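Descriptive analysis of the structure
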Amino acid sequence: GEDFIGICYDDGSLDTLFIADNKFRNSPSILKVNDNYVIMAGSDDDKMHAISPSGEVIFQIETGSNVRSESSFIVIDQEVYAFFGSDDEFVYAVDMNGDALDGWPKDIGEDVEDSILFADIDSNGSPEVIFISSNKVYMYNIDGTLYDRFPVTHEFPITGTPNVVDLDDDGD
């Protein structure tokens, strides 16, 4: 990883958009909100950075440790939110101004370095927040309350981003 976010233009030229105080160890997440793009990337400077394509800082979320999880985006009540984890053992949820979603962040007591997934597991019209840390699978309701019977603990460490698929095609 490097300590900068760069851009490669269609003519092959390169430009540095932003330089952090320490290295980026994940890929940036990019989202178009209305007519503007937001580039989000966590760094070992203990921050999640949100910048514009011109390099302007939109907001920064200071955490207590390295941010190695990529941002995952979801729309809740017509507002875009970014969810990400940190080595400070918290999962964060912020809008595109950097303001926390009610009920978040959540202290899970373990580093969260992989991406977060959203799925409406119980078919109630509201997505659940799913992620992995160490040897556990976590699932939270969007309001920040822990889903019933979670976390689920496995005997061995689990790595990577979870995936949710309706294998029996029954709609749940």
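Predicted, not measured: the structure shown is a model, and the values here were computed from it. (Residues numbered from 1 in each chain as written. Predicted model: local features only at pLDDT ≥ 70, side-chain atom pairs only at ≥ 80, totals over all residues. Heavy atoms only, no water.)

Structural notes on the packing of aromatic side chains
- Throughout the structure, instances matching the rule amount to eight aromatic pairs.
- Residues Phe 131 and Tyr 140 carry aromatic rings whose centres are separated by 6.0 Å and whose planes lie at 5° to one another, so their mutual orientation is stacked.
- Assessed through its relative accessible area of 0%, Phe 131 is described here as buried.
- Judged by relative accessible area, Tyr 140 falls into the buried class, the value being 7%.
- Both rings, one in Tyr 147 and one in Phe 150, keep their centres 6.0 Å apart while their planes meet at 70°; by these two values the pair is edge-to-face. (Phe/Tyr/Trp six-rings, centres within 6.5 Å; stacked < 30°, edge-to-face > 60°. Buried < 20%, exposed > 50% of the residue type's maximum accessible area, 1.4 Å probe, protein only.)

With respect to the nonpolar core
- Within the largest apolar cluster, 17 residues are counted, with the highest numbers of intra-cluster contacts made by Phe 83, Trp 104, Val 129 and Phe 131.
- Looking at this core, the elements with two or more residues in it are β7 (72-76), β8 (79-85), β9 (90-95), β12 (128-133) and β13 (136-141).
- When neighbours within four sequence positions are excluded, Phe 131 is seen to be in contact with Val 91, Ile 108, Val 112, Ser 115, Ile 116, Lys 136, Val 137, Tyr 138, Tyr 140 and Pro 162.
- Judged by nonpolar contacts, the second largest core, of 15 residues, contains Val 33, Phe 59, Val 94 and Met 96. (Core = buried A, V, L, I, M, F, W, Y, C linked by side-chain atoms within 4.5 Å. Helix = DSSP H or I, 4+ residues; strand = E, 2+ residues; numbered from the N terminus. Contact = heavy atoms within 4.5 Å.)

Overview of the pairing of β13
- The pairing of β12 with β13 spans six bridges and is antiparallel. Its bridge partner lying in β13, Ile 130 is registered against Met 139. (Pairing = 2+ DSSP bridges.)

Some remarks on the sheet that holds strand β6 (residues 57-62)
- If you trace the four strands from one edge of the open sheet to the other, you get β3-β4-β5-β6, paired in antiparallel fashion. Pairing within the sheet leaves two strands with one partner each, and these edge strands are β3 (29-33) and β6. With strand direction ignored, the average angle separating the axes of adjacent strands in the sheet is 20°. (Axes fitted to C-alpha atoms, helices over the stretch in contact; angles between N-to-C directions.)

So, the pairing of β6
- As defined by bridge partners, strand β5 (residues 47-51) adjoins β6 across five bridges and the pair is classed as antiparallel. Directly across from Met 48, in β6, lies its bridge partner Ile 61.
- Two successive antiparallel strands, β5 and β6, enclose a turn made up of five residues, where Gly 55 displays a positive phi of approximately 95°.

Some thoughts on unusual backbone geometry
- A cis amide bond links Trp 104 with the next residue in sequence, Pro 105, at an omega value of 5°.
- Structurally, the position occupied by Pro 105 is in the loop between β9 and β10 (106-107).
- Looking along the chain, the bond that leaves Phe 150 and enters Pro 151 is cis, with omega of 5°.
- A positive phi is found at Gln 78, a non-glycine position, where the angle reads about 65°.
- With respect to the secondary-structure elements, Gln 78 resides in the loop between β7 and β8.
- Residue Gln 78 is classed as exposed on the basis of its relative accessible area of 80%.
- Positive phi, close to 70°, is recorded for Arg 149, a residue that is not glycine.
- Looking at the secondary structure, you find Arg 149 in the loop between β13 and β14 (152-153).

Coordinates in, geometry out; function isn't part of it.
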